[in-house]
Amino acid sequence: MSATRLLVLGAVRRHGIAHGYLVSRELDAIGAQKWAKLKSGSIYHALRQLTKDGLMHAAQIDEWPGRVDYRVTEQGEREFVRLLRDALRKPGPRADLLAAALSLLSEIPRDEAAELLRERLSAQEAERADLADQMEAAEDSGRLAELYGMLMQSADCGVAWTRSLLERLESPPESAAGRPSP
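What counts and how
- Residue numbers here run from 1 along each chain, matching the order of that chain's written sequence.
- Per-residue local features of the predicted model are confined to residues with pLDDT of at least 70, and side-chain atom pairs are confined, for both listing and counting, to 80 or more; whole-chain, interface and lining totals are unaffected and use all residues.
- Hydrogens are left out, water is left out, and the side-chain values use all remaining heavy atoms of the structure.
- The working definition used for a salt bridge is a side-chain nitrogen of Lys or Arg within 4 Å of a carboxyl oxygen of Asp or Glu.
- The numbering of helices and of strands both runs from the N terminus, where a helix is a DSSP run of H or I of at least 4 residues and a strand a run of E of at least 2.
- Per-residue accessibility, obtained with a 1.4 Å probe over protein chains only, is compared with the maximum for each type, and a residue is labelled buried under 20%, exposed over 50%, and partly exposed between these values.
- Nonpolar side chains (Val, Leu, Ile, Met, Phe, Trp, Tyr) are joined into patches within 5 Å and like charges within 9 Å, using only residues with over 30% relative accessible area and no salt bridge.
- The Shrake-Rupley method, run with a 1.4 Å probe, gives the accessible areas here. Residue values count only the displayed protein chains as cover.
- Pairing between strands is defined by DSSP: at least two bridges between the two strands are required.
- For this analysis, residues touch if any pair of their heavy atoms sits within 4.5 Å.
- Helix axes use the C-alpha atoms of the stretch in contact, all axes being lines fitted to C-alpha atoms, and the angles between their N-to-C directions lie in the range 0 to 180 degrees.
- Put simply, buried Ala, Val, Leu, Ile, Met, Phe, Trp, Tyr and Cys residues joined by side-chain atoms within 4.5 Å make one nonpolar core.

Q: How should the pattern of salt bridges be read in this particular structure?
A: Oppositely charged side chains can pair when the atoms bearing their charge come close. Applying the stated criterion across every chain yields a total of 18 salt bridges. The residue E107 makes a salt bridge to R13 at a minimum N-O spacing of 2.6 Å. Of this pair, E107 sits in the loop between α6 (95-103) and α7 (110-141) while R13 sits in helix α1 (residues 3-15), and the two are 94 residues apart along the sequence. For E107, a relative accessible area of 25% puts it in the partly exposed group. Assessed through its relative accessible area of 23%, R13 is described here as partly exposed. Through salt bridges with shared partners, a single network forms among R5, D53, E79, R82, D86, R89, K90 and E119.

As structure tokens, this is what we get:
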């Protein structure tokens, strides 16, 4: 799965119809060029590839030579939702995928996001338990203790962060004044 693919689909989807510069500007505004390592060229490549894959429709704008407007197709909508759900539910080594999903979190209902994050938490806890078993075996042999110590701390951090986000999602949304809304 590609963070670029998810981000570009999400940006075009938000606008309904968007051209490459608008997509690039929106993704720059959320810092994606740093945390997803996006470059303008990769955004334009993604737009062309998504069109080739049938996930977007491209239309040349006669009044603006060289400008192409894009819109997400029905197949693209399904792919966007699939990518977003997978990025939220499946822990993985790529932080850019989770970051992309978090930047698009408002695109799915709050209760669905919470359910996906509960799946993520369950998978993270299972991975942590497996890692604890591996760490114990490594300590028995005196090898790799520092590696497993670092991996365990990372796993603990992931579990704690997911639990924290879940708590925020499952609590009543706050109003502009900082109080829970009805």
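Q: Hey, could you run me through a nonpolar patch on the surface in this one?
A: Together, L144, L147, M150 and L151 make up an exposed nonpolar region whose accessible area comes to about 340 Å². Structurally, M150 can be placed in helix α8 (residues 145-170). Given the relative accessible area of 48%, M150 is considered partly exposed.

Q: I tried to follow the sheet that holds strand β1 (residues 18-19) on my own but got confused; where do I start?
A: Hydrogen bonding along the main chain pairs the strands of a sheet, whether they run parallel or antiparallel. Ordered by their spatial adjacency, three strands build an open sheet running β1-β3-β2, and the pairing between neighbours is antiparallel. One side of each edge strand has no neighbouring strand; the edge strands of this open sheet are β1 and β2 (56-60). Two elements, β2 and strand β3 (residues 68-72), share five bridges in a ladder whose sense is antiparallel. Each residue of the ladder has a partner; that of M56, found in β3, is V72. With respect to the sheet, α1 is in contact with β1, β2 and β3, its orientation differing from that of β3 by roughly 95°.

Q: Teacher, can you tell me more about unusual backbone geometry here?
A: Trans peptide bonds make up most of the peptide bonds, and negative phi angles are found at most residues other than glycine. In this structure, K37 is a non-glycine residue whose phi angle is positive, near 55°. Considering the arrangement of structural elements, one finds K37 in the loop between α3 (32-35) and α4 (40-52). For K37, a relative accessible area of 66% puts it in the exposed group.

Q: Looking at this structure, how should I read the nonpolar core?
A: The nonpolar side chains of a soluble globular protein tend to be buried, and buried together. L6, V8, L27 and L88 are the most contacted members of the largest nonpolar core, which totals 44 residues. Residue assignment for this core shows that the elements contributing at least two residues are α1, α2 (20-29), α4, β3, α5 (74-89), α6, α7 and α8. The biggest single contributor to this core is α1, with seven residues. Grouped together as the second largest cluster of nonpolar side chains are six residues, L131, A138, M152 and A155 included.

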